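# Understanding the architecture of this molecule
Okay, here's what each chain looks like letter by letter:
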Amino acid sequence: MNLLLTASGLRNETLRDALRDMLGKPFGEANVVYVPTASVAEPGDHGWFVADMNLLHGLGWREFDVLELNGLPRQMVLDRLLHADVIYVEGGSHYHLARSITGNGLADGFLEALESRVYVGVSAGSMIFSRNLTGHSADVIGDAADLHVLGATTVEPPFGLFDWYLKPHLYSPDFPERDDAWADRIVARADFPIYFIDDETAVRVRDGEVDVLSEGRWRFHP
């Protein structure tokens, strides 16, 4: 299983090179499927979404597919995932994304697809692999309101692959409250490991090994 878990997509050459290496062939010889599901639960201007989709499309894929996880037959969704070499899951609401995967019965098929494909997560798309994606972690992180706005108080982790939690956009100008003091307050409450990564960083999981790739800054608290 090969996962590249970013905060803001393939923003720098370090992350793009990492994806080329994990893919094992040029982008022009590969199919990518772009999953926008998490983004639709976010209100307001979606310029960030358009910019990231355009950046990804501009890498010159053989085929660029767009796949929404809700409203399509389950087997159609899984077939489209299996047709891709790279599964790229956009940011937005990680709670909506997790609930879309579990609610549509996609978790097992999604994991099967990931056994032989490269997964790139952006923000919410990077946050759904922790077994600590729960109502408890929502209280610890301080974003329970994002869960409640969906009409829910709990969330089931769709995959539960890791005990560590990933929190993106550290030091981001788009999230000015996410500074060291913010991270310190979360760490003081947390009873699980956390990676905090900025917008130039990714956590890479390759064949069970975890490392961090960065042209920016990050923190890990075991």
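Here's a quick rundown of the structure. (Residues numbered from 1 in each chain as written. Predicted model: local features only at pLDDT ≥ 70, side-chain atom pairs only at ≥ 80, totals over all residues. Heavy atoms only, no water.)

Most of strand β8 (residues 201–206) is tucked away: five of the six residues are buried. Relative to β8, strand β1 (residues 2–6) runs antiparallel, the two sharing five bridges. Bridge pairing links Leu-5 to Val-203 in β8. Pairing between β8 and strand β9 (residues 209–214): six bridges, direction antiparallel. (Buried < 20%, exposed > 50% of the residue type's maximum accessible area, 1.4 Å probe, protein only. Helix = DSSP H or I, 4+ residues; strand = E, 2+ residues; numbered from the N terminus. Pairing = 2+ DSSP bridges.)

Looking now at the sheet that holds strand β7 (residues 194–197). Strand order across the open sheet formed by three strands is β6-β7-β10, with mixed pairing between neighbours. The sheet is open, and its two borders are formed by β6 (165–167) and β10 (218–221), each paired with just one other strand. Ignoring strand direction, the axes of neighbouring strands in this sheet form an average angle of 15°. Pairing of β7 with β10, which is carried by four bridges, proceeds in the antiparallel orientation. Residue pairing in the sheet places Ile-194 in a bridge with His-221 of β10. Contacting β6, β7 and β10, helix α8 (residues 180–189) runs over the sheet at an angle of about 170° to β7. (Axes fitted to C-alpha atoms, helices over the stretch in contact; angles between N-to-C directions. Contact = heavy atoms within 4.5 Å.)

Before going further, it helps to spend a moment on the side chain of Thr-6. By the secondary structure assignment, Thr-6 is in strand β1. In this structure the side chain of Thr-6 is engaged in a polar contact, spanning 2.7 Å, whose partner is the backbone oxygen of Gly-121. For Thr-6, the residues in contact, after removing those within four places along its chain, are Leu-15, Val-120, Gly-121, Val-122, Ser-123, Ser-126, Ile-197, Thr-201 and Ala-202. (Polar contact = N/O pair within 3.5 Å; in protein donor to acceptor, adjacent residues only side chain to side chain.)

This part is about the pattern of salt bridges. Using the criterion set out here, one finds 13 salt bridges in the structure. Measuring nitrogen to oxygen at the nearest pair gives 2.6 Å for the salt bridge that ties Arg-80 to Asp-65. Separated by 15 residues along the polypeptide, Arg-80 in helix α3 (residues 74–83) and Asp-65 in strand β3 (residues 63–66) bring together distant segments of the chain. Residue classification places Arg-80 among the partly exposed residues on the basis of a relative accessible area of 25%. (Salt bridge = Lys/Arg side-chain N within 4 Å of Asp/Glu carboxyl O.)

To continue, consider the packing of aromatic side chains. Where two aromatic rings form a pair, the distance of their centres and the angle of their planes describe that pair. Considering all chains together, one arrives at 15 aromatic pairs under this definition. For the ring pair Phe-27 and Trp-61, a centre distance of 4.7 Å and an interplane angle of 35° mean the geometry is tilted. You can see Phe-27 sitting in the loop between α1 (13–23) and β2 (31–35) and its partner Trp-61 sitting in the loop between α2 (47–57) and β3, a full 34 residues away along the chain. With relative accessibility at 10%, the residue Trp-61 sits in the buried group. Centroid distance Phe-129 to Phe-159: 5.1 Å. Interplanar angle 20°. Geometry classified as stacked. (Phe/Tyr/Trp six-rings, centres within 6.5 Å; stacked < 30°, edge-to-face > 60°.)

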